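This is what each chain is made of:
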Amino acid sequence: MSASFGDLTRPPLSAKALRASLVRDDSRWREVTVVAEVGSTNADLAAMAHRGPVDGVVLVAELQVAGRGRLDRTWSAPSRSALTFSALVRPAGVPVARWTWLPLVAGLAVAAAVDQIANVAARLKWPNDVVVADRKLAGLLVERIETPSGPAAVVGIGLNVTATRAELPTQRATSLALEGASTTDRTVLLKAVLRRLDGLLQEWESTAGEPSQALREAYTGACVTIGARVRVELPGGVAVVGEGVGVDDSGRLRVQTADGLCTIGAGDVVHVRNEP
Ligand code: BT5
């Protein structure tokens, strides 16, 4: 894509700065690649995982032309207006059955980084949205893949940085710039997200994927779904209405309904909203 006048306010990412600060002996990240355009970073990274290492590889795109959401939905953002990237991880010593916590851990990393770097107080909407009030700032798509050296996870993150209201695909979306961010430097933001993700993954791996009290409390404190009146739409058109009361060891949402406690697995929530 050729640079247009508008791109002057949207400088490219610095691959050199990212590598210099992230690819170090004391970090998880082994490789950070920045490309101008891809279909989907999740899809490309999954393909790369068949050819090379399966932990610590990050693929970042300035533009995605076939960005994926969950359940065949799409993710779209103008070139250089967002951070769109995927990280390949193979959680050390964590049974695959517990990888369901990965989207929650990644969401916490994004929320903590934007708070620290951009002074934007974002919260989490279970299972995979980072929100400001009711508007989506970032979305996460964690996919499990099989590789020649075993299972791995592709942690895909799309974070709106400088998108204007008119550029966002829905009314219920927002960007850091729209939320009055103190900085929109994507290189600095990406470094912070990946550092946080590294730290949180290490913490989670140190308990073999069993969420520690501290991790659980961090998630509960950041998650707007917990303590809220929610309506959870399940595949097949059934809806569960009640109060979000917590998450279990597998990261599933617990909803207290009039008929009792209901536990909902990752990926089942289509819509959560506050009831009047
Ligand atoms: C998600 O799905 O929120 C997961 C999004 C993951 C995107 C990243 S970008 C890097 C990596 N590579 C990929 O191909 N994907 C990942 P879901 O919960 O299904 O939400 C999708 C819905 O969000 C869409 O149907 C739109 O309504 C909305 N949406 C699309 N683009 C958006 C944007 N830029 N900002 C906010 N909402 C958006």
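Figured I'd write up the structure that's included with this text. (Residues numbered from 1 in each chain as written. Predicted model: local features only at pLDDT ≥ 70, side-chain atom pairs only at ≥ 80, totals over all residues. Heavy atoms only, no water.)

Turning to the site of the ligand, a few remarks are in order. Neighbouring residues of the ligand: 27 residues in total, closest Ser40, Arg68, Arg73, Ser76 and Lys136. Arg73 is positioned such that a nitrogen or oxygen atom in its side chain is 2.7 Å from an oxygen atom of the ligand. At a separation of 2.7 Å, an oxygen atom of the ligand approaches a polar side-chain atom of Lys136. Burial of the ligand by the protein amounts to 91% of the accessible area it has alone, namely 800 Å². Broken down by secondary-structure element, the contributors of at least two residues to the shell around the ligand are helix H2 (41-48), strand E3 (82-89), strand E6 (135-147) and strand E7 (150-160). For the shell around the ligand, the class distribution of residues is 7 nonpolar, 16 polar and 4 charged. (Near = heavy atom within 4 Å. Polar contact = N/O pair within 3.5 Å; in protein donor to acceptor, adjacent residues only side chain to side chain. Areas by Shrake-Rupley, 256 points an atom, 1.4 Å probe, with all protein chains shown as cover. Helix = DSSP H or I, 4+ residues; strand = E, 2+ residues; numbered from the N terminus. Nonpolar A, V, L, I, M, F, W, Y, C, P; charged D, E, K, R; others polar.)

Turning our eyes to something else, we now look at the packing of helix H3 (residues 102-118) against helix H4 (residues 186-205). Where H3 meets H4, the closest approach of the two axes is 8 Å, and the angle between their N-to-C directions is 135 degrees. With respect to H4, the element H3 is oriented oblique. Between H3 and H4 the crossing geometry is right-handed. In this structure, H3 uses Leu102, Val105, Ala106, Leu108, Ala109, Val110, Ala112, Ala113, Gln116, Ile117 and Ala118 to contact H4, whose residues at the interface are Val188, Leu189, Ala192, Val193, Arg196, Leu197, Leu200, Leu201 and Trp204. (Axes fitted to C-alpha atoms, helices over the stretch in contact; angles between N-to-C directions. Parallel < 35°, antiparallel > 145°, perpendicular 65-115°, else oblique. Left-handed = near helix turned anticlockwise from the far one by under 90°. Contact = heavy atoms within 4.5 Å.)

Bringing the sheet that holds strand E11 (residues 260-264) into the picture now. Within a sheet, neighbouring strands are paired by backbone hydrogen bonds and run either parallel or antiparallel to one another. A sheet is described by the order of its strands in space; here 4 strands give the open sequence E8-E9-E10-E11, paired in antiparallel fashion. Looking along the sheet, the strands with just one partner apiece sit at the ends: strand E8 (229-233) and E11. On average, each strand axis in the sheet is inclined to that of its neighbour by 50 degrees, with strand direction left out of account. Pairing analysis gives 5 bridges linking E8 to strand E9 (residues 239-247), with the strands arranged antiparallel. In the sheet register, Val230 faces E9, and the bridge partner there is Gly242. (Pairing = 2+ DSSP bridges.)

Here the focus is the side chain of Ser86. Along the chain, Ser86 turns up in strand E3. Taking relative accessible area as the criterion, Ser86 reaches 0% and is therefore assigned buried. At 2.6 Å, the side chain of Ser86 and the side chain of Asn42 are in polar contact. Setting aside anything within four residues of it in sequence, one finds Ser86 in contact with Thr41, Asn42, Leu45, Val57, Val58, Leu59, Val154, Val155 and Gly156. (Buried < 20%, exposed > 50% of the residue type's maximum accessible area, 1.4 Å probe, protein only.)

When you line up the elements, Val57 lands in strand E2 (residues 57-64). For Val57, a relative accessible area of 4% gives the class buried. It is 6.2 Å that separates the C-alpha atoms of Val57 and Val32, two residues lying 25 residues apart in sequence.

Moving on, we get to H4. Between its first and last C-alpha atoms H4 spans 28 Å; for 20 residues at 1.5 Å apiece the expected length is 28 Å, and the two agree. Buried residues dominate H4, accounting for 14 of its 20 residues. A distance of 3.0 Å separates the backbone nitrogen of Thr187 from a side-chain oxygen at the start of H4, and that oxygen is part of Asp185. (Expected span 1.5 Å × (residues − 1).)

Glancing now at the environment of Asn42. With respect to the element layout, Asn42 can be found in helix H2. On the accessibility criterion, Asn42 (4% relative accessible area) is buried. Note: C-alpha distance between Asn42 and Trp75 (33 residues apart in sequence) is 12 Å. Among residues more than four places away in sequence, those in contact with Asn42 are Arg68, Ser86, Leu141, Glu143, Val154, Val155 and Gly156.

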